[in-house]
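Given next are the chains, with one letter for each unit.
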Amino acid sequence: MTKNAFTSTVPIRKHRREVLYLLEHHQVVVVVGATGCGKTTQICQYLRRAKWTTPGRKMVCVTQPRRASAQTVAMRVCEEIAAREEEEEEEEEDGTRIFPKTSTRKASLLGGTVGVSVRFETLKSAETEIVFCTDGSLLRELLEDPLLQKYSVVMVDEAHERSLNTDVLLGLLKKVTRKRKELRVIVSSATIDAEAFREFFRAEEEEEEEEKEEEKKTNNKNAGVSSSFAPSSSSYGQPAILSVEGRRQHPVRTFYSEEPVADYVKASAECAINIVRLDLRNNPGDILIFLTGEKEVEECADILEEHLRSQRLDREVLICPFYAGLDNAKQAKAFRAPPRNTRKIIIATNIAETSVTIEGVSFVIDCGFVKIKAFDCERNSETLQIVRASSSSAKQRAGRAGRVRPGTCFRLYPEKYFARLDKTSVPEIIRADVSGTILQLKALGIDNIAHFDWFEAPPVKHVVIALELLHALGAIDDDAKLTSVVGVKLAELPLEPKLGKALLAGCDYGCTNEMLTICSYFSIENTCFLPARAGQMRNLDEAKANFAAREGDGITSLNIQRGYAWNDRNRRGFCEENYLNFRTMQRVQSVRSQLKKYLLQRLDVVFGQNKTQLDEEKKLESILRSICAGFFSNAATLAPYGGGDDGAATYLTIRNKRTVYVHQSSILYGATTKLPQVVVYQTAEVNNENKEYIRNVSSVGDLQWFKDVAGHFYAFDDDDNDNDDDR
């Protein structure tokens, strides 16, 4: 089936006129459509063909909660537009064209008619009419363009996921629509509570009266506005709801395990192998396995490859890992049809739940878990936790099996557990660290956080802790106002506040280049080393030892960067030889380049030789002090009893005296001698046994450093600086 043949069958096509009509007469439209109805890829194309866009000047923006989904959908729309325009050129009969002949080539390239904007990566041009971006990227655009003047329509997609950035974006869009009457907003999702969103955007009567008065005063000024963008009725300020039926869903049989499985990764692989043994002709369709993260996906892939090879089934199966950190070529394998007489096994995180659609799946294996970020007030840090998925997520996962034929879903937990699941996931704003969000709002001029129009307000405790941290970082003053020295600069950087402060400290300590590298590595969630595969653990450990530094992960990343930069003629070979992820290393270089541009163009940082050249020892201390300046709130001292049962070094946090363990991804994991006495770390992860593991760990030379960079955060005994009682 061609792309255009496929788009002509999607359910949203029947509602094209309704979509355009509602946008003419309502400023906000809520679109409720089941997964696969085509709302994400088609509405933006309808708007383009209805002349809501002008290349490079007026664009349609479509937001996604995830980087990978924004890039994947952008490429899909890019291909559809190119295919449509090519057909129109071939079929022209009367000598007229809707589009110029050169547009097909431009439309086929991402960055032409269709652009994409995600953190540290933007592909746009003067020809761009449709932009796909993450919610966070659009929030950053609001800092430069508070009224989003370059956009005629903003579509917030996958709103049901209720990510932190989505909720904040909705509040800001509500403010923007009051000032820019011609801006249209579409809120769309598969499982959205339409009434809640309509009530949120509904204009109050007093506001409507004020707006009518303003319209009368500015009526003459707006006389030149096209009727396509001008309010046309008294109901304009009241949101409209459009419900779109999904594609015909085939029945899905659901099976549960009798007892909870001990190891759901291994159980998922075993279940998939049992399906592979079935006759492909009588039981057609691919297999989709849902796991929680990259490590589990790769582990499951290894188990499958080993078992399939031993049973001589490897030629009948194509294994396709699928997660956000994977390179584009490997992600594309999951979408392509498998060779004849071959079954495809896609092993994915929850990105395949609603963000992207993979055709041909007839079997779904659901582990029943999901990995989330959660802010712990007691720990005073954000941690990664594996928790039970909601019943809504479970239904979405099962629905993936019934898109093309009757399907089967295997849930690796008893049926009684399903009845106990929460109906929906807890919104991220309720469980997340909001320090970066508050910093952005203050940069936008919203000082009174309590009076901001939240779709759902964050917990007061989280706001208080965030304000305390921002004050400790020097981003806000005693009156909670943004400081000009640190606060404004932190808001400009596309980094979390702690990481941004470490980079700014590097500029002050004379190690800007080194901190650029470290912050680039720390901003990538995935480790730069490849996952340990069966039989390769020893070689991987030897490769890590070549770059290891006793000062921790920050200095180790500098060693990796030096090796990568030195081997500029064959960097891919260097990565393969040293078990480094080439895709991740490329992303690190891209992030470093983007951060350098931010420092040069926006913060006026001058790169070059320091007037006083630092020796190696002084340079090392400056780097570690810079890291400490950003992550002083995440500090720990070596526990008296040293290592843990699994080889992870054990530390005690300076605040709260919690026991934490060095994460397996850290270069300090498994070390038994010369461990740093004091460390700071970037993030923590809590496992199923409630053990807290710290990542991106770096040593601190002296407790006195905390007094220098955060004397107001910790209280020290004047007689003994080694006493680190809590404030």
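Computed from a predicted model, the values in this text were never measured in an experiment.

Enquirer: Which residues make up the packing of helix α7 (residues 164-179) against helix α8 (residues 194-201), and what values do they have?
Expert: Packing of α7 against α8 brings their axes to within 10 Å, and their N-to-C directions diverge by 40°. In terms of orientation, α7 lies oblique with respect to α8. For the pair α7 and α8, contact is made by Leu 170, Gly 171, Leu 173 and Lys 174 and by Phe 197, Phe 200 and Phe 201, respectively. Considering only residue class, the contact of α7 with α8 consists of five nonpolar, one polar and one charged.

Enquirer: Go over empty space enclosed by the protein, please, and point to the residues and values.
Expert: All told, the structure shown has four cavities of 30 Å³ or more when counted by the stated rule. Considered as a void within the structure, the largest cavity measures approximately 90 Å³ in volume. Around the largest cavity sit Phe 375, Asn 380, Asp 433, Ile 465, Ala 466, Glu 468, Leu 469, Lys 498, Ser 633 and Phe 713, which together line it. Ranked by residues supplied to the lining of the largest cavity, first place goes to helix α17 (residues 460-473) with four residues. Around the second largest cavity, the lining residues are Arg 379, Asn 380, Ser 381, Ser 633, Asn 634, Ala 635, Thr 653, Ile 654, Arg 655, Arg 658 and Tyr 681.

Enquirer: Please set out the confidence of the model for the protein chain residue by residue, giving values where relevant.
Expert: Overall, the prediction assigns the protein chain a mean pLDDT of 85, with 87% of residues at 70 or greater. Predicted confidence for residues 98-102 stays below pLDDT 50, and this span has eight contacts to residues more than four positions away or in other chains. For residues 220-230, every residue scores under 50 in pLDDT, and the model assigns this stretch 12 contacts once sequence neighbours within four places are set aside.

Enquirer: For helix α11 (residues 294-310), give the residues involved together with the corresponding values.
Expert: A rise of 1.5 Å per residue sets the reference length of α11, with its 17 residues, at 24 Å; its end C-alpha atoms lie 25 Å apart and thus fit the reference within 8%. Taken residue by residue, α11 has Glu 294, Glu 296, Val 297, Glu 298, Cys 300, Ala 301, Asp 302, Ile 303, Leu 304 and Leu 308 as its buried positions.

Enquirer: How would you sum up the side chain of Ser 362? Please name residues and give values.
Expert: Mapped onto the secondary structure, Ser 362 falls in strand β13 (residues 361-366). Judged by relative accessible area, which is 1%, Ser 362 ranks as buried. Reaching out from Ser 362, the side chain makes a polar contact with the backbone oxygen of Pro 284 at a distance of 3.4 Å. Ser 362 has contacts with Pro 284, Gly 285, Asp 286, Ala 401, Arg 405, Gly 407 and Thr 408, leaving out every residue within four places of it along the chain.

Enquirer: Got a sec to walk through the sheet that holds strand β8 (residues 240-244)? Specific residues and values, please.
Expert: Taking strand neighbours across the sheet as the criterion, the eight strands line up as β4-β3-β5-β2-β6-β7-β1-β8 in an open arrangement whose pairing is mixed. Each having just a single partner strand, β4 (121-123) and β8 make up the two edges of the open sheet. Pairwise comparison of adjacent strand axes, ignoring direction, gives a mean angle of 20° for this sheet. Examined bridge by bridge, strand β1 (residues 28-33) and strand β7 (residues 184-189) share five bridges and lie parallel to one another. By the bridge assignment for β7, Val 28 is matched with Val 185. Docked against the sheet, α7 engages β2 (59-64), β6 (151-156) and β7, running at close to 150° with respect to β6. On top of the sheet, α8 reaches β1, β7 and β8; it is set at about 175° to β1, its chief contact.

Enquirer: How would you sum up the sheet that holds strand β16 (residues 407-411)? Please name residues and give values.
Expert: As summarised here, the arrangement of the six strands in space is β9-β16-β13-β10-β12-β11, forming an open sheet in which the pairing is parallel. A strand with exactly one partner marks an edge of an open sheet, and here the two such strands are β9 (252-256) and β11 (317-322). When strand polarity is set aside, the average angle formed by the axes of neighbouring strands in this sheet is 15°. Strand direction decides the pairing type here: strand β10 (residues 286-290) and strand β12 (residues 343-348), joined by four bridges, are parallel. Bridging across to β12, Ile 287 finds its partner in Ile 345. Those strands touched by α11 are β10, β11 and β12, and its axis lies near 170° from that of β11. Across the sheet, helix α13 (residues 391-399) is in contact with β9, β10, β13 and β16; its angle to β16 comes to roughly 140°.

Enquirer: How would you summarise the pattern of salt bridges if you had to cite specific residues and measurements?
Expert: Applying the stated criterion to the full structure yields 31 salt bridges. Where Glu 129 meets Arg 48, a salt bridge forms, and the shortest distance between an N and an O atom there is 3.3 Å. Of this pair, Glu 129 sits in the loop between β4 and β5 (130-134) while Arg 48 sits in helix α3 (residues 39-49), and the two are 81 residues apart along the sequence. The same class applies to Glu 129 and to Arg 48, which are both buried. Close ionic contact of Arg 655 with Glu 468 constitutes a salt bridge, the shortest N to O distance being 4.0 Å. With Arg 655 in the loop between β18 (649-653) and β19 (659-662) and Glu 468 in helix α17, this pair connects stretches of sequence that are 187 residues apart. Through salt bridges with shared partners, a single ionic network connects Arg 48, Glu 85 and Glu 129.

Enquirer: Break down the packing of aromatic side chains for me, with residues and values.
Expert: In total, this model carries 14 aromatic pairs according to the counting rule given. Ring geometry for Phe 547 versus Phe 574: centroids 6.2 Å apart, planes at 75°, classification edge-to-face. Placement of Phe 547 in helix α21 (residues 537-547) and of Phe 574 in helix α23 (residues 571-577) is noted, with a sequence separation of 27 residues between them. With 5.4 Å between their ring centres and 70° between their planes, Phe 632 and Phe 713 make a pair best called edge-to-face. Of this pair, Phe 632 sits in the loop between α25 (616-631) and β17 (635-643) while Phe 713 sits in the segment after α26 (704-710), and the two are 81 residues apart along the sequence. A cation over a ring is seen here: Lys 174 above Phe 200, with NZ or CZ 4.6 Å from the ring centre. For Lys 691, the ring lying beneath its charged end belongs to Tyr 661, and the centroid distance is 5.1 Å.

Enquirer: Explain the environment of Ala 475 residue by residue, including any values.
Expert: Its location among the elements puts Ala 475 in the loop between α17 and α18 (487-492). By relative accessible area, which is 0% here, Ala 475 ends up buried. In this structure the C-alpha to C-alpha distance between Ala 475 and Val 488, which are 13 residues apart in sequence, comes to 7.5 Å. Contacts of Ala 475, omitting those with residues within four sequence positions, involve Leu 439, Leu 470, Lys 481, Leu 482, Thr 483, Val 486, Gly 487 and Leu 490.

Enquirer: An account of helix α2 (residues 16-25) is needed here, citing residue identities and associated values.
Expert: Those residues of α2 that sit buried are Val 19, Leu 20, Leu 22 and Leu 23. Seen end-on, α2 carries its buried residues on one side only, within an arc spanning 165°.

Enquirer: So what about the packing of helix α19 (residues 497-509) against helix α20 (residues 512-523)? Which residues, and what values?
Expert: Running from amino to carboxyl end, α19 crosses α20 at an angle of 165°, the nearest separation of the two axes being 8 Å. Taken together, the axes of α19 and α20 lie roughly antiparallel to each other. Between α19 and α20 the crossing geometry is right-handed. Contacts from Leu 499, Ala 502, Leu 503, Gly 506 and Cys 507 in α19 reach Thr 512, Met 515, Leu 516, Cys 519, Phe 522 and Ser 523 in α20. Of the residues assigned to the contact of α19 with α20, the class counts are eight nonpolar, three polar and no charged.

About the thresholds
Residues numbered from 1 in each chain as written. Predicted model: local features only at pLDDT ≥ 70, side-chain atom pairs only at ≥ 80, totals over all residues. Heavy atoms only, no water. Axes fitted to C-alpha atoms, helices over the stretch in contact; angles between N-to-C directions. Helix = DSSP H or I, 4+ residues; strand = E, 2+ residues; numbered from the N terminus. Parallel < 35°, antiparallel > 145°, perpendicular 65-115°, else oblique. Contact = heavy atoms within 4.5 Å. Nonpolar A, V, L, I, M, F, W, Y, C, P; charged D, E, K, R; others polar. 1 Å grid on protein atoms, 1.4 Å probe; cavity = no way out; pocket = protein on both sides within 12 Å on 5 of 7 lines; lining within 4 Å. Points joined across faces, edges and corners; volume = space filled by probe spheres on them. pLDDT = per-residue confidence, 0-100. Expected span 1.5 Å × (residues − 1). Buried < 20%, exposed > 50% of the residue type's maximum accessible area, 1.4 Å probe, protein only. Polar contact = N/O pair within 3.5 Å; in protein donor to acceptor, adjacent residues only side chain to side chain. Pairing = 2+ DSSP bridges. Salt bridge = Lys/Arg side-chain N within 4 Å of Asp/Glu carboxyl O. Phe/Tyr/Trp six-rings, centres within 6.5 Å; stacked < 30°, edge-to-face > 60°. Lys NZ or Arg CZ within 6 Å of the ring centre and 35° of its normal. Arc of directions from axis to C-beta. Left-handed = near helix turned anticlockwise from the far one by under 90°.

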